[in-house]
Amino acid sequence: MVLQKLARPLETLVEEGYFDPVTKIVRAITGSKRHCANWQIEGILRMLFNVLDGDVAKDPKNLIVYGGTGKAARNWECFETTVDALLALQPDETLVMQSGKPVAVFKTHELAPRMVMCNSMLVGKWANWEHFRELEKKGLIMYGQYTAGSWNFIGIQGILQGTYETFVAVADRHFGGSLKGRFAVTAGMGAMGGAQPLAIKMNDGVGLTVEVDEAVIRKRIEGGWLDTCTDSIDSAINMVSEAKGERKPASIGLLGNAADVLPELLRRNIVPDVVTDQTPAHDPLSYIPSGLSVKEAEELRGRNPEKYVSMALESMRKHVEAIVGFVEKGAIAFEYGNNIRKNAFDAGFEKAFAYPGFIQAYLRPLLAEGRGPFRWTSLRGDPQDIAKLDDTLVREFGHNRRLVGWITKAKKYVRFQGLPARVCWLGYGERARFGKVVNDMVAAGDVGPIWFGRDHLDTGSVASPYRETEGMKDGSDAIGDWPILNALLNTSAGATWVAVHQGGGQGMGYSISAGFGMVLDGTREAEEKAVRLFTLDPGIGVIRHADAGYETSTKIVREKGIKAPMIS
Ligand code: NAD
């Protein structure tokens, strides 16, 4: 007798065209038909598919979502088995993901998270790229970045508001509140860096963004993130001076390598008002060294990684030397979260830390208030859901002019990638209030189920001494207790899933961070969990900053009645 082979659960999704096991093409799942036992689990499944959608991920065939090589699953076998596991998961079970591999399903209880995950967590002494790569080669580990491995990535928009807010703060502090007639230089138009041209333009400035990969530039123009481009430094300079002269907001792309273009601008004494960078410098095997095309870089990376790394570090040194050269001529510079100063320092440039990181210089006051890049998606893929939530947000928080300004600009400029989404830097108190309102809307059928999450770059969820926690008032920059406490608290609050990562945006050894996902399905249980989660998640951020001596945070602790035994 021939036994018929049991079909794998994921074949339903193959039949519906959401996954092709041969070409490995993944598409965001939309519509109201559920595939999993409930919407909590369906939400996890949909966010996994969303981060690997061809319009969202940087290199979906290799499971890479963004940020150098930040991945969503360890390999395709792990991806497919994870999907099978989610499709079979019961409402009282918890799936355990270890660096992108589904290792266990345990019976827990209905209010517990449906999934817990930990990515690239190496013990301190071994937390370096060399050891990570040995383990990666053996198939034992995966680099999760921040929102890649935790399935919280929503496309470039996720970083857009943070980038926009940074340039708002730069304009306020140094240029009387606007970048009108000002010129900013940066590099890297990847999944995060691609937000820079638009963020500069939204602040009325003229942005010149250098990118080494022509295909990436084209994609950004098609997506509406960049206006125009050139491969000639001379015409780029002309375009900049014309736009600057007319005080016209503009975003200009220049095909080239930042390690060549910035020193050349400096040599010609073309000094920008603002300079930063978002090349993937956190990972020397992703940063493209001067003198190599994208193709040549790929070939050398495989053939001689040691040579590649030493060329990349040497290029980063030249790149940062030029940034410091601009600073010495009066430009405002900040590192944009990619660890380029440390790599340039290690490559022998002693003045690499002559300029600050963006959090220390501009965003800390927001984090100290318990604010951060909170975000949501319409799980059924309906843009109207997001439009209704935009309106609700403006109605609920209309007194907050900065927030209303952001929503107005986002509606005008942002084109969705994958599931329709919105990012909004809500703070302590606001997140819980909004969560309750949204769950009521889901219950009433005004909108479909909504997923909520946030970047790991948030108020209390990360320790990263060259980025989020650089220059903390009390010197507690490298203390990793806080993100772990954050994850423990979010687990006890009943988030739909909780993730802990090491390495994040700064690379191996430089950060520990935590994230979560929460599905609002209109049930009473979802409301209870969300109100708890959206209170204590930013709450531990307020406490972390109050503990470090930030007065705004201490004031919030007192005014909002957060119980903090050591704060009177
Ligand atoms: P990515 O890998 O998606 O894209 C990087 C881009 O830089 C690519 O398009 C690549 O072609 C280009 N590039 C590489 N080397 C270059 C060079 N020498 N000159 C010009 N272009 C070059 O990365 P991403 O997701 O955009 O992230 C960029 C960096 O920002 C990473 O280090 C990441 O960790 C960091 N990051 C910052 C934040 C933040 O909040 N600011 C958040 C997440 C990540």
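See above for the structure.
Residues numbered from 1 in each chain as written. Predicted model: local features only at pLDDT ≥ 70, side-chain atom pairs only at ≥ 80, totals over all residues. Heavy atoms only, no water.

**Regarding the site of the ligand**
How we decide: Note on terminology: near, applied to a residue and a molecule or strand, indicates that one of the residue's heavy atoms is within 4 Å of it. Residues adjacent in sequence count toward polar contacts only when both atoms are side-chain atoms; beyond that, a polar contact is any pair of N or O atoms within 3.5 Å, and within protein one must be able to donate a hydrogen and the other to accept it. In these tables, accessible area is a Shrake-Rupley quantity obtained with a 1.4 Å probe, and a residue counts as shielded only by the protein chains included in the view.
Taken together, 33 residues sit near the ligand, with Lys58, Glu211, His282, Tyr336 and Gly505 positioned nearest. Between the ligand and Asn257, the relevant distance is 3.0 Å, taken from a nitrogen atom to a side-chain nitrogen or oxygen of the residue. The backbone of Tyr336 places a nitrogen or oxygen atom 3.3 Å from a nitrogen atom of the ligand. In isolation the ligand has 860 Å² of accessible area, and contact with the protein removes 97% of it.

**Section: the pattern of salt bridges**
So the rule is basically this: Should a side-chain nitrogen of Lys or Arg be within 4 Å of a carboxyl oxygen of Asp or Glu, the pair is scored as a salt bridge. Under the DSSP-based scheme used, a helix requires at least four consecutive residues in state H or I and a strand at least two consecutive residues in state E, with every element numbered from the N terminus.
By the definition in use, this model includes 40 salt bridges. Measuring nitrogen to oxygen at the nearest pair gives 2.5 Å for the salt bridge that ties Glu314 to Arg317. On the criterion of helical spacing, the pair formed by Glu314 and Arg317 is a turn pair, its members being three residues apart in helix α11 (residues 305-328). One salt bridge connects Glu527 with Lys436, and the closest N-O pair in it is separated by 3.8 Å.

**Remarks on a nonpolar patch on the surface**
Where we set the bar: Patch membership requires over 30% relative accessible area and the absence of a salt bridge. Like charges are linked within 9 Å, and nonpolar side chains (Val, Leu, Ile, Met, Phe, Trp, Tyr) within 5 Å. Exposure categories follow from relative accessible area, calculated using a 1.4 Å probe and restricted to protein chains: below 20% of the type maximum is buried, above 50% is exposed, and the middle band is partly exposed.
The grouping of Met121, Ile484, Leu485 and Leu488 at the surface amounts to a nonpolar patch, some 330 Å² of accessible area in total. Residue placement: Ile484 occurs in helix α17 (residues 481-493). Of the residues examined, Ile484 reaches a relative accessible area of 35% and is grouped as partly exposed.

**Some points on the packing of helix α14 (residues 383-396) against helix α16 (residues 430-443)**
The cut-off we apply is this: All axes here are fitted lines through C-alpha atoms, helices being fitted over the stretch that makes contact, and every angle between N-to-C directions spans 0 to 180 degrees. For classification, angles of less than 35 degrees are called roughly parallel, those exceeding 145 degrees roughly antiparallel, those between 65 and 115 degrees roughly perpendicular, and all remaining angles oblique. Crossing handedness is defined as follows: a turn of the near helix away from the far one that is anticlockwise and smaller than a right angle gives a left-handed crossing, while the clockwise case is right-handed. Should any heavy atoms of two residues lie within 4.5 Å, those residues are considered in contact. In this classification, the charged set is Asp, Glu, Lys and Arg, the nonpolar set is Ala, Val, Leu, Ile, Met, Phe, Trp, Tyr, Cys and Pro, and all remaining amino acids, among them Gly, are polar.
Direction vectors running N to C along α14 and α16 enclose 135°, while the axes themselves pass 11 Å from each other. Put simply, α14 runs oblique to α16. Pair α14 / α16 crosses with right-handed handedness. Residue-level contacts link Lys388, Leu389, Thr392, Leu393 and Glu396 of α14 to Arg433, Phe434, Val437, Val438 and Met441 of α16. Counted by class, the contact of α14 with α16 contains six nonpolar, one polar and three charged residues.

**Concerning the side chain of Thr209**
Position of Thr209 relative to the elements: it lies in strand β9 (residues 206-211). Excluding anything up to four places from it in sequence, Thr209 contacts Thr186, Ala187, Gly188, Met189, Gln196, Pro197, Ile252, Gly253 and Leu254.

**Points about the packing of aromatic side chains**
Heads up, the rule is: Put simply, two rings from Phe, Tyr or Trp (the six-membered ring, in Trp's case) pair if the centres are within 6.5 Å, and we call them stacked under 30 degrees between planes, edge-to-face over 60, tilted for the rest.
Under the counting rule described, the total for this entry stands at 26 aromatic pairs. On the basis of an interplanar angle of 75° and a centroid distance of 5.3 Å, the ring pair of Trp76 and Phe79 is categorised as edge-to-face. With a gap of three residues between them, Trp76 and Phe79 both fall in helix α3 (residues 76-88), about one helical turn apart. Of the two residues, Trp76 and Phe79, both sit in the buried class.

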